[in-house]
Amino acid sequence: MLKSKQIIYLILIFATFSDILLLFYAALHPVSSTFRFGVYSFDIILCVVLWIEFIYSYLKSDNKKQYLIENSLSILGMLPINFVFLRALRLLKLIQLIKLFVLARDSEKNLSNFLKHTYLDKIILVAIIFIFILTVSVRILEPNITDINTAFWYIIVSITNTGYGDIVPSSLSGRIVGIIAMIGGILVFASFTAVISSLYISKIGQDNHDDLNTKIENLTSEIERLNEKIDELKKE
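These numbers were taken from a predicted model, which means no experiment stands behind them.

Definitions and limits used
- Residues numbered from 1 in each chain as written.
- Predicted model: local features only at pLDDT ≥ 70, side-chain atom pairs only at ≥ 80, totals over all residues.
- Heavy atoms only, no water.
- pLDDT = per-residue confidence, 0-100.
- Helix = DSSP H or I, 4+ residues; strand = E, 2+ residues; numbered from the N terminus.
- Phe/Tyr/Trp six-rings, centres within 6.5 Å; stacked < 30°, edge-to-face > 60°.
- Buried < 20%, exposed > 50% of the residue type's maximum accessible area, 1.4 Å probe, protein only.
- Expected span 1.5 Å × (residues − 1).
- Patch = residues over 30% accessible without salt bridge, like charges linked within 9 Å, V, L, I, M, F, W, Y side chains within 5 Å.
- Areas by Shrake-Rupley, 256 points an atom, 1.4 Å probe, with all protein chains shown as cover.
- Salt bridge = Lys/Arg side-chain N within 4 Å of Asp/Glu carboxyl O.
- Contact = heavy atoms within 4.5 Å.
- Core = buried A, V, L, I, M, F, W, Y, C linked by side-chain atoms within 4.5 Å.
- Lys, Arg positive; Asp, Glu negative; His and termini not counted.

For the chain, per-residue confidence averages 76 on the pLDDT scale, and 76% of positions sit at 70 or higher. Averaged pLDDT values over the elements of the chain bottom out at 55 in helix 6 (residues 108-118) and peak at 84 in helix 2 (residues 33-60).

Here's what the structure looks like:
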């Protein structure tokens, strides 16, 4: 059974994820002014709600200074400003909401151990910064790319190694940025694969450890029972 706090965070996670999809769709595809206005209106309303949640969590935190430091980038992600990097930072806010959802269900120790062993939040942060730097670089260096949305689309296509071919760099610097994006994309996805693999391996290891402990406890109980039988026979 989900707690009320979990339900609230689950709703915020769904709303934030939907908002990210709608914003990037409106940025990368030709849409009507009515649809765009609806998306931006929803984004502003969501930002207000996220700020309310942020202020509430800040007031409830034990170390307010540390809370601000840890969530400084997610603050930028809550600003309703039409800029690709700030929109991408909304992903960090989504990760924070997922953390809060997990904390509402499990202990903070379990979550801390999870992040300590996987570095998932740091991997996503590095990926976002990497995409931002490459997007700005290719926008400046490549003459065939004249706006930030096209630059962002080109970098995403390059990082995922999709290769649609709709945007082709003509300059050497633009091609170098594309190569860096391709290699970086391989490393990023390899990191995510390593995280998933480590989760499975740790889960299997934990299951084996628990099974071994159960067998040891059973053997210990059996030995104690046999010792009691031996003591009874000696007394007889």
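And the narrative resumes.
Below, the discussion takes up the packing of aromatic side chains. Counting across every chain of the model gives one aromatic pair. With centroids separated by 5.6 Å and ring planes inclined at 80°, the aromatic side chains of Trp51 and Phe54 adopt a geometry described as edge-to-face. Note that Trp51 and Phe54 are positioned in helix 2 at a spacing of three residues, about one turn of the helix. Judged by relative accessible area, Phe54 falls into the buried class, the value being 5%.

Turning to helix 2, a few remarks are in order. Taking 1.5 Å per residue, 28 residues should reach 40 Å; helix 2 reaches 40 Å between its end C-alpha atoms and fits that length. Listed as buried for helix 2 are Val39, Asp43, Leu46, Cys47, Leu50, Glu53, Phe54 and Ser57.

Turning our eyes to something else, we now look at a nonpolar patch on the surface. A grouping of Ile179, Met182, Ile183 and Leu187 is seen on the molecular surface, where their side chains present a nonpolar patch of about 380 Å² in accessible area. One can find Ile183 in helix 9 (residues 172-235).

The subject of this paragraph is the side chain of Ser158. Its location among the elements puts Ser158 in helix 8 (residues 148-159). The class for Ser158 is buried, based on a relative accessible area of 6%. Excluding residues that lie within four positions of it along the chain, Ser158 makes contacts with Gly178, Ala181 and Met182.

A few words on the nonpolar core. Ranked by internal contacts, the top residues of the largest apolar core, which has 27 residues, are Tyr9, Leu50, Leu97, Val138, Ile145, Tyr154 and Ile155. Among the elements of the structure, helix 1 (4-28), helix 2, helix 5 (84-105), helix 7 (120-141), helix 8 and helix 9 are those that each provide at least two residues to this core. Here Tyr9 is in contact with Glu53, Ser57, Leu97, Leu100 and Phe101, once residues within four sequence places are set aside.

Here we come to the side chain of Glu142. Note on placement: Glu142 falls in the loop between helix 7 and helix 8. The buried charged residue Glu142 lacks any salt bridge, with Arg175 as its nearest oppositely charged partner at 6.7 Å. Not counting chain neighbours up to four residues away, the residues in contact with Glu142 comprise Pro169, Ser170, Ser171 and Gly174.

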